[in-house]
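Architecture at a glance
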Amino acid sequence: DTAVSQTPKYLVTQMGNDKSIKCEQNLGHDTMYWYKQDSKKFLKIMFSYNNKELIINETVPNRFSPKSPDKAHLNLHINSLELGDSAVYFCASMGGDYGYTFGSGTRLTVV
Amino acid sequence: GQQVMQIPQYQHVQEGEDFTTYCNSSTTLSNIQWYKQRPGGHPVFLIQLVKSGEVKKQKRLTFQFGEAKKNSSLHITATQTTDVGTYFCAGHRRFGAGTTVTVRA
């Protein structure tokens with residue numbers, strides 16, 4: 001019974017394509033995030049939603065569009081994929097004093 | 001903008017030895033969190049420190065939050081192979097670059 005689940009786990013696609021990553025949490029948390037982890041393991045926040053409302057957008061190219069249909073879901077759509085978008089994308093949720101609960105990640109490879 | 005810096009980037013440790021990783025923020029933090037990411041895995045929450053000067057222990061791991069709430073450390077005693085991974089500190093949604101730990105048996 002995974003707390004934060006994201007799909008797909010792996011995504012290999014060509015430059016210029018559009019792709020989506022889905023995320024769902026069953027923890028009842030109000031706040032969800034997307035983080036990008038590059039090849040040097042640096043974790044950078046991309047977006048944060050609180051109860052379906054966007055609260056953080058960290059100067060991410062507008063090719064990236066998050067969507068939160070309800071507070072348990074936060075999806076990420078990426079248009080016109082570029083080589084530099086290759087990374088591991090982590091969805092996370094947070095509630096109370098227990099820090100982030102991360103999903104298992106989506107490894108995106110753009111070729 | 002706010003930055004969270006973490007050193008060292010890599011730590012190669014002999015099994016049984018101790019080591020420490022350090023985290024510094026450019027601004028005062030309301031709290032600091034520590035995470036561990038095993039190779040191929042995702043970050044897992046270890047602990048949160050909130051009070052100035054706070055010290056918390058989890059078995060062989062000791063976490064400290066500085067008096068000025070701008071720095072923190074994680075000290076691991078008697079390192080084991082299960083300690084392998086990358087340890088991150090985080091404050092105000094910003095993560096440090098991580099300390100990647102390898103252990104020599």
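I will try to describe carefully the structure that is included in this document. Model, not experiment: these values are computed from the prediction.

Quick notes on the rules
Residues numbered from 1 in each chain as written. Chains lettered and ligands numbered in written order. Predicted model: local features only at pLDDT ≥ 70, side-chain atom pairs only at ≥ 80, totals over all residues. Heavy atoms only, no water. Disulfide = S-S within 2.5 Å. Helix = DSSP H or I, 4+ residues; strand = E, 2+ residues; numbered from the N terminus. Buried < 20%, exposed > 50% of the residue type's maximum accessible area, 1.4 Å probe, protein only. Polar contact = N/O pair within 3.5 Å; in protein donor to acceptor, adjacent residues only side chain to side chain. Contact = heavy atoms within 4.5 Å.

1. Section: the state of the cysteines
All chains considered together, the criterion is met by 2 disulfides over all chains. Cys23 of chain A shares a disulfide with Cys91 of chain A; S-S distance 1.8 Å. The disulfide joining Cys23 of chain A to Cys91 of chain A has a torsion of about -75° about its S-S bond and is therefore left-handed. Of this pair, Cys23 of chain A sits in strand 3 (residues 19-25) while Cys91 of chain A sits in strand 9 (residues 87-94), and the two are 68 residues apart along the sequence. In this structure Cys91 of chain A comes out as buried when scored by relative accessible area, which is 0%. Here Cys23 of chain B pairs with Cys89 of chain B through a disulfide, and the sulfurs are 2.0 Å apart. Disulfide Cys23 of chain B-Cys89 of chain B: torsion about the S-S bond near 80°, hence right-handed. Here Cys89 of chain B lies in strand 9 (residues 85-91) and Cys23 of chain B lies in strand 3 (residues 19-25), a separation of 66 residues in the sequence.

2. Quick notes on the side chain of Ser93 of chain A
All names here are of chain A. Along the polypeptide, Ser93 turns up in strand 9. Owing to a relative accessible area of 0%, Ser93 belongs among the buried residues under this scheme. Polar contacts involving the side chain of Ser93 include one to the side chain of His29, which spans 2.8 Å. Not counting the four nearest positions on each side in its chain, Ser93 is found in contact with Val4, Gln25, Leu27, His29, Thr31, Met32, Tyr33, Gly99, Tyr100 and Thr101.

3. Thoughts on unusual backbone geometry
Cis geometry is found at the peptide bond from Thr7 of chain A to Pro8 of chain A, where omega equals 0°. Inspection of the secondary structure puts Pro8 of chain A in the loop between strand 1 (4-7) and strand 2 (10-13). Here the phi dihedral of Thr59 of chain A falls at roughly 45°; this positive angle occurs in a residue that is not glycine. Relative to the elements of secondary structure, Thr59 of chain A occurs in the loop between strand 6 (53-57) and strand 7 (64-70). The phi dihedral of Lys69 of chain B falls on the positive side, at around 55°, and the residue is not glycine. Along the polypeptide, Lys69 of chain B turns up in the loop between strand 7 (61-65) and strand 8 (71-76).

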